[in-house]
Amino acid sequence: MSDVTPVPNDPAAYEAAAIRTLTDLARAGLVIEQEGRTRLGDEFRIAGSRVNATMKVSIDGAERGGNLLLVTSTRPGEGKSFSSLNLAAGLAQMTERPVILVDIDSKPGCLSDLVGLRRARGMFNLVQDNAIPPASLIVPTEIPGLFILPLGVPDANAGITGRERPLAVTTEALGLAMPDATFVLDTGPLLSTSDPSVLAPAVAQIIMVVEAERTQRAELDAALDLIRDSRRILLLLNKTSARARSSFGAYSYYGDYYAKPVVPPPPPTIPPDS
Amino acid sequence: MDGLQELLSRYGVLAWRKRWYAVAAAWLFCLIGWIGIATLPNQFEATARVYIDADAVLTPLLRGIAVDSSLTDQLDLLQHMLLSRPNLERIIDKTDLQYSATTATDKERLVESMEHSVKVIAQTRNIFSISFRNENPQLAADVVQAVLASFVENKAGNNKSDIENAQIFLDSQIDLYEKQLRAAEEKRAAFKKKFIELIPGDNGMNRVEAARQNLQLLTGQLADAKARRALLANELAHTDALVVTETTGVAGDPHTDLRAAENRLRDLRQIYTDAYPDVIIQKRVVENLRSQPPSPTIAAPAPGGQNRSAPNPVYEQLKLRLVDANAQLDSLTRQVTDATADFGRLNGIARGAPELEASYTNLNRDYDVLQKNYSELLARRESMRIGNAAQIRASNVKMVIIDPPVAPRLPVAPNRVLLAIAVLLGALASGVGVVVAQIALDQSFHNLVELRAMSLPVIGSVSLAVMPPSLGERIRKVAAVLAALGALFALFSFVLLFFFRQA
């Protein structure tokens, strides 16, 4: 951790956790709120509604980690952060509950990086010190109901305080601390990091992002094997090519329909000589 | 149709994604292949042409009579002779090849490889080429020279020793056949002696059969004889032994006798004088009769033909024939007894050896075959003697070296240009193969249907977020692949040029 700049334990020293604008979010790949209705936006809305339905069951059943949604995949680069962000935005739009997007993927170019929250305090700090109220670290966005809990920066000066808790416990506590919020946890890939498999028992639902035309079935089997005890595993096929016909019914038709302005048929022309 | 389209598009996507694998495979294949070709050693071939005049005059004359070796046989023989182990060893020792093989196993291997690498080819009926390939042109020429030399040596004493060998072979065969023939003869004679009675005679019938027929015949004759005798006996029984002579007067009447005597006397007197003795005798008879008193009683036949009944000649004859028949019957009975005994004896012997006839036939056949072969061999030996004499008189094979072997300047192999082209084709094929293998091994998910096969709930599919690549970018990507392949072809043309120059 020597490459991480030590951050003084002074809140003022941190970057102000200002509201994240749509521009910031767009940098991270937000597509759902772009101008007009796009095919991608619709696809995420449909996926979001299904996730919502699933979560509703687990929240209503008061299941453990019912308001936690883990997003993972088999390998890096399959679109976890992208899917998390857009699913979170979609959920925020279609529910009354606040949706908090939690970044637990500490790779360079992670979600926090992209939305400009690299230096903001977040999950790392919560893991280090359970005394920090989570609400104080949550950053609002321009999308109403959508918040971001950044990755955070390890505090080198924190020392051993006795308030460290494992990631799974921290996450579970987070869900319990804000039962009215929905948490979307953006984690690393299952086959490269241990975070998602550690977190899996604490959450009620997991989304496996599968990259179309690339993720191999054997890999997916191996990844699913790591989280086989989980109750609800949902698959999301990402990066499908526009050619694939069996996406969602007459989808391309609607895409085209919304993309083009509806032009009324021209009135019948009357021959002038009549 | 949709399914097919989807499948094709799927393959297209995969192939495009794996394009660099294909390009890399092609490059790797080409580089390794071309470097390999460049490092292949040059092969030089030295060739000598010889004219061998297989005697055109002699051949048709002796065909069919003598052991005539045709040209192809000669070539065959030549090849085998040249490539015989001792000959090859001699050739190796004569040339620099000996330095390339130091250990015994190396030499062994060298000899074996020489058997295939020295080529004797009939170009026309009489012209043969002998060629050898080696990395060293001078060595190749030396080897061919050595081969030619050994050919000349061999050819000189060849046909003669050939014939001698054949003669020795024939002699040994004839000896062998003679022995076998003699043995067969002895065996046959012994057999004949032992079973003389049972062996079929010249008329193709054996003795048993003959005895049986004889017995049958005799039995028949016996029956005939018996019947005849019975007939005769019957006849005899019904025939009287005496017959009563029928005369006009009373039989034995002296008057009658007297009258007859007087009549006879009268007759005699008419021919002869009274002094003729017969007349005198007759006179006395008459006187005697006149002097006898006439007796009416039937007396016993008195001398002078007084009997009334005479023996029956038929009866006599029958009696004689009956005797005859009895004798014949006796004779036949004896003969039948003999024949029965004979037949029984022979039959007993024959029954004791049922396979006798078959083995006799076998013996005969063996003997015939042996005799036929033996005489054939004798004829063959004679004809070969004639042929041998003819060959010795004519010097039958002439050999002229048309092209002596020279150290070649240009290599004949490897054909690097052709190999380079083959490598390029192979490289392209390997590129395609890599892609095909990748496609075959691919297990990715191309649409929701495939993902649903995981039997987990699927919440949806999301299109590729980045905008489809612009036209410029697509062109750039295609151009990159084409450039990689173009570079390969450029290298290929350079390699070809290099190899052409070398050749």
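Residue numbers restart at each chain and count upward from 1, following the sequence in its written direction. Each chain takes a letter, starting from A, and each ligand takes a number, starting from 1, following the order in which they are written. This being a predicted model, a pLDDT of at least 70 is required before a residue's local features are given, and a value of 80 or more before pairs of side-chain atoms are given or counted; all residues contribute to the totals for chains, interfaces and linings.

Quick word on the overall build of chain A
Alright, step 1. Helix and strand counts for chain A stand at nine helices and seven strands.
Alright, step 2. By the convention adopted here, residues make contact when the C-beta atoms placed from their backbones lie within 7 Å. Sequence-distant contacts in chain A: of pairs separated by 6 or more residues, those separated by 24 or more amount to 80%. Helix numbering and strand numbering both begin at the N terminus, where a helix is a DSSP run of H or I of at least 4 residues and a strand a DSSP run of E of at least 2.

Structural notes on the interface of chain A and chain B
Alright, step 1. In this assembly, 38 residues from chain A lie in contact with 24 residues from chain B.
Alright, step 2. Elements represented by at least two residues in the side of chain A that touches chain B include exactly α2 (39-60), α3 (80-94), β6 (205-211), α8 (217-226) and β7 (232-240) of chain A.
Alright, step 3. Among the residues making up the side of chain A that touches chain B, the classes are represented as 20 nonpolar, nine polar and nine charged.
Alright, step 4. Strand pairing requires that DSSP identify at least two bridges connecting the strands. Bridge analysis of β7 of chain A against strand β7 (residues 458-463) of chain B gives four bridges, and the strand direction is parallel. Counted as the bridge partner of L235 of chain A is V458 of chain B from β7 of chain B. Classification convention: Asp, Glu, Lys, Arg as charged; Ala, Val, Leu, Ile, Met, Phe, Trp, Tyr, Cys, Pro as nonpolar; all other residues, Gly among them, as polar.

Concerning the sheet that holds β7 of chain B
Alright, step 1. If you walk across this open sheet you meet the eight strands as β3(A)-β4(A)-β2(A)-β5(A)-β1(A)-β6(A)-β7(A)-β7(B), and the pairing is mixed. Two strands close off the open sheet at either side, each with one partner strand: β3 (139-140) of chain A together with β7 of chain B.

Quick notes on the confidence of the model for chain B
Residue and element names in this part refer to chain B.
Alright, step 1. Per-residue confidence for chain B averages 79 on the pLDDT scale, and 80% of its residues sit at or above 70.
Alright, step 2. One confidence number per residue, pLDDT, is output by the predictor and ranges from 0 to 100. Mean pLDDT across the elements of chain B ranges from a minimum in helix α3 (residues 58-62), with 42, to a maximum in helix α2 (residues 19-39), with 92.
Alright, step 3. Ignoring residues within four places in sequence, the model shows residues 56-68, a span with pLDDT below 50, making 20 contacts including any to other chains.
Alright, step 4. A low-confidence stretch, residues 297-305 (pLDDT under 50), is modelled with three contacts involving residues beyond four sequence positions or located in other chains.
Alright, step 5. Taken over the whole predicted complex, pTM reads 0.53, whereas the ipTM for its chain interfaces reads 0.74.

Some points on the packing of helix α5 (residues 85-94) of chain B against helix α7 (residues 104-117) of chain B
When two helices pack together, their arrangement is given by the angle between the helix axes and by the axis-to-axis distance.
Residues and elements named next belong to chain B.
Alright, step 1. Between the N-to-C directions of two axes lies an angle of 0 to 180 degrees, each axis being a line fitted to C-alpha atoms and, for a helix, fitted only over the stretch in contact. Running from amino to carboxyl end, α5 crosses α7 at an angle of 105 degrees, the nearest separation of the two axes being 10 Å. Classified by the angle their axes make, α5 and α7 are roughly perpendicular. Contacts between α5 and α7 pair R85, L88, E89 and I92 from the former with L110, V111, M114 and E115 from the latter. Each angle gets one of four labels, with under 35 degrees taken as roughly parallel, over 145 as roughly antiparallel, 65 to 115 as roughly perpendicular, and the rest as oblique.

Brief notes about the packing of α2 of chain B against helix α15 (residues 416-441) of chain B
Residues and elements named next belong to chain B.
Alright, step 1. α15 packs onto α2 with a crossing angle of 155 degrees between their chain directions and a minimal axis gap of 8 Å. In terms of their interaxial angle, α2 and α15 are classed as roughly antiparallel. Helix-helix and strand crossings are classified by hand; for α2 and α15 the assignment is right-handed.
Alright, step 2. Counted by class, the contact of α2 with α15 contains 18 nonpolar, five polar and one charged residues. Two helices crossing with the near one rotated counterclockwise from the far one by less than a right angle form a left-handed crossing, whereas a clockwise rotation gives a right-handed crossing.

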